[in-house]
Amino acid sequence: MPHVVVEISHPPFGHEHTFAGLYVATACLSKGMDVIVVLRGDGVYTGMRGQVDPQKNISLPATEAQIEDILELDGTVVADAGALVMRGIESDELIEGIQVRESSDIHALILKEGEKIIAF
Amino acid sequence: MDYLCMLITKPPHSDEGAERMCGISNAARDRGMGVAVYLIGDGVLCAKRHQHGHVGAHIKRALERSMSVYASAQDLRARGIAETQVEKGIVITEDIEGRFLKDAMERASRVISW
Amino acid sequence: MVDGTKTLGIMLFTSPYGSQDADHVCRIAERALDMGYGVHIFLYGDGVHAQLAGQDPKMFYNVGAALERIAEKGGVIKSCVRCSQARGYVDGGYDEEEDRYRSSKSLDAVRIYSLYGFIDIIKDADTLITFGSS
């Protein structure tokens, strides 16, 4: 089974990239693949916790629940430290279980683990 | 040797794709990997010489660090960029798809497309 | 010609004509088939619009015609059922015999399929490239 990296570069909801990418990550995990979700650039907004029923409020899937599912299925979720700082997001504002890493570590992780790299 | 093959469709200054190319290709070179960058569509704009900014500097440095950079001849022509306006060392090719595929399918251990 | 057992997987996430992405997908897929590689394409998100039958661009590369050529040359093209349903392409249930969801609006060359069609590509393709990340 290939190791898969799913890169999320968009915030949730404004475009479909985020939830579409997270669906792919979940489906890969359900088939037994190892998956790392990388939140980079505006994608780090996807790591923020505390969403209030997006389905009810704006008729879109709850990406926070998707991230929690991915973590529950033993997927890894990492967020770019520099992108978080730039956006004023503290680590205690993130969904529990997300790992904060420096860009250089994330590049190394992608090169080491990304047998298949899917950018959203 | 491990080999990274990147296919870039993003222009150098208005999108993060080209910036990301710089970070990850440098990281690959630091790890001793071979690196080839293929520029297609708006990605060929990264090949323009005399750029001031991160991507232009990276392309120059990439060539110095023995990374291979290829650009689509058709995409350059369509955008009015002549060979003389392209950074020295970049290979302009009429068959970017064929070159990319040969590299990506037969040689690369990692393939990234942005 | 190269070893024909190797397969290239491609995901398209953007609609045709709005960007060059679909053109790149088709040109690379056709070149790969001509070189002897297998090709599996998955249309996802707005990428499913590439399956619309009857595309007739006057000054653009015809993506619909290119997908038909790719299928004729042996390329396999699937599109996401959930994305297709949202955009009005699905007008029937799953056809077991054809192994696809029914659609009168889509090219015959494209099979509307569950997301697991893409997961199989991720798993099995020797190389995967994606278009439309931003």
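Residues numbered from 1 in each chain as written. Chains lettered and ligands numbered in written order. Predicted model: local features only at pLDDT ≥ 70, side-chain atom pairs only at ≥ 80, totals over all residues. Heavy atoms only, no water.

1. Side note on the environment of Ser103(A)
All names here are of chain A. Stated precisely, the cut-off is as follows: Helix numbering and strand numbering both begin at the N terminus, where a helix is a DSSP run of H or I of at least 4 residues and a strand a DSSP run of E of at least 2. Whenever two N or O atoms come within 3.5 Å, that pair is a polar contact, provided that in protein one can donate a hydrogen and the other can accept it, and provided that, for residues adjacent in sequence, both atoms are side-chain atoms.
For Ser103, the position within the fold is in helix 5 (residues 103-113). As a C-alpha pair, Ser103 and Ile70 span 33 residues in sequence and 22 Å in three-dimensional space. At 2.7 Å, the side chain of Ser103 forms a polar contact with the side chain of Asp80.

2. Structural notes on the sheet that holds strand 2 (residues 34-39) of chain A
Residue and element names in this part refer to chain A. Just so we agree on the cut-off: Any two strands are treated as partners once DSSP identifies two or more bridges connecting them. Lines are fitted to the C-alpha atoms to define the axes, a helix being fitted only along its stretch in contact, and any angle between axes, read from their N-to-C directions, falls within 0 to 180 degrees.
Strand order in the open sheet formed by 5 strands is 4-3-2-1-5, with parallel pairing between adjacent strands. Both outer strands of the open sheet, strand 4 (99-101) and strand 5 (116-119), are each paired with one neighbouring strand and no more. Averaged over all adjacent pairs, the angle separating strand axes in this sheet is 25°, with direction ignored. Pairing geometry for strand 2 and strand 3 (residues 76-80), over 4 bridges, is parallel. Bridge assignment links Ile36 to a residue of strand 3, and that residue is Thr76.

3. Observations concerning the confidence of the model for chain B
Low-confidence regions, as indicated by low pLDDT, have predicted coordinates that should not be scrutinised in detail. For clarity, the threshold we go by: pLDDT is defined as a per-residue confidence score from the predictor, taking values between 0 and 100.
Of all residues in chain B, 97% have pLDDT values of 70 or greater, and the mean over the chain is 91. Put simply, helix 2 (residues 54-64) of chain B is where chain B has its lowest mean pLDDT, 82, and strand 4 (residues 91-93) of chain B is where it has its highest, 98.

4. With respect to the interface of chain A and chain C
Filter applied, for reference: Residue contacts follow a heavy-atom distance rule, with two residues in contact if any of their heavy atoms lie within 4.5 Å. Two parts placed together each lose some accessible area under a 1.4 Å probe, and adding up what both lose gives the buried area. Whenever Lys or Arg places a side-chain nitrogen within 4 Å of a carboxyl oxygen from Asp or Glu, that contact is recorded as a salt bridge.
Chain A puts 19 residues into the contact, and the matching count from chain C is 20 residues. Of the roughly 1,600 Å² buried between chain A and chain C on both sides combined, carbon and sulfur atoms contribute 69%. Between Glu16(A) and Arg87(C) there is a salt bridge, with the nearest N and O atoms lying 3.0 Å from each other. Connecting chain A to chain C are 7 residue pairs in polar contact (both at pLDDT 80 or more). Within the residue set of the side of chain A that touches chain C, elements represented by two or more residues are helix 1 (17-30) and strand 5 of chain A. Among the elements that take part in the side of chain A that touches chain C, helix 1 of chain A stands out by supplying 7 residues, more than any other.

5. Considering the environment of Ala125(C)
The test is simple: Each residue is placed in one exposure class: buried if its accessible area under a 1.4 Å probe, protein chains only, is under 20% of its type's maximum, exposed if it is over 50%, and partly exposed if it falls in between.
Note on placement: Ala125(C) falls in the loop between helix 4 (116-124) and strand 7 (127-131). Under the relative-accessibility criterion, Ala125(C) is labelled buried at 6%. The spatial distance from the C-alpha of Ala125(C) to the C-alpha of Glu96(C) is 24 Å, given a sequence separation of 29 residues. Apart from the residues within four sequence positions on either side, Ala125(C) is in contact with Lys116(A), Thr7(C), Leu8(C), Gly9(C) and Asp120(C).

6. Considering the packing of helix 1 of chain A against helix 4 of chain C
Helix-helix packing: each pair is described by the crossing angle between the helix axes and the interaxial distance. Note the following rule: For classification purposes, an angle smaller than 35 degrees is called roughly parallel, one larger than 145 roughly antiparallel, one from 65 to 115 roughly perpendicular, and anything else oblique. Left-handed describes a crossing in which the near helix is turned anticlockwise from the far one by less than a right angle; the clockwise case is right-handed.
Relative orientation of the contacting elements helix 1 of chain A and helix 4 of chain C amounts to 65°, with a least axis distance of 10 Å. It follows that helix 1 of chain A is roughly perpendicular to helix 4 of chain C by the angle criterion. Seen along the crossing, helix 1 of chain A lies across helix 4 of chain C with a hand that is right-handed. Contacts between helix 1 of chain A and helix 4 of chain C involve Val24(A), Ala27(A), Cys28(A) and Ser30(A) from the former and Tyr116(C), Phe118(C), Ile119(C) and Ile122(C) from the latter.

7. Some remarks on the pattern of salt bridges
Where charged atoms from two side chains of opposite charge approach closely, those side chains can pair. By the definition in use, this model includes 20 salt bridges over all chains. Note that Arg87(A) is salt-bridged to Asp42(A), the shortest N-O span being 2.9 Å. Linking Arg87(A) in the loop between helix 4 (81-86) and strand 4 with Asp42(A) in the loop between strand 2 and helix 2 (54-58), this pair joins segments that are 45 residues apart in sequence. When its relative accessible area of 22% is taken as the criterion, Arg87(A) is described as partly exposed. The closest approach of N and O atoms between Asp95(B) and Arg31(C), which form a salt bridge, is 2.8 Å. Within this pair, whereas Asp95(B) is found in the loop between strand 4 and helix 4 (96-106), its partner Arg31(C) is found in helix 1 (residues 21-34), the two belonging to separate chains. A single salt-bridge network, built from bridges that share partners, covers Glu30(C), Asp34(C), Arg69(C) and Lys73(C).

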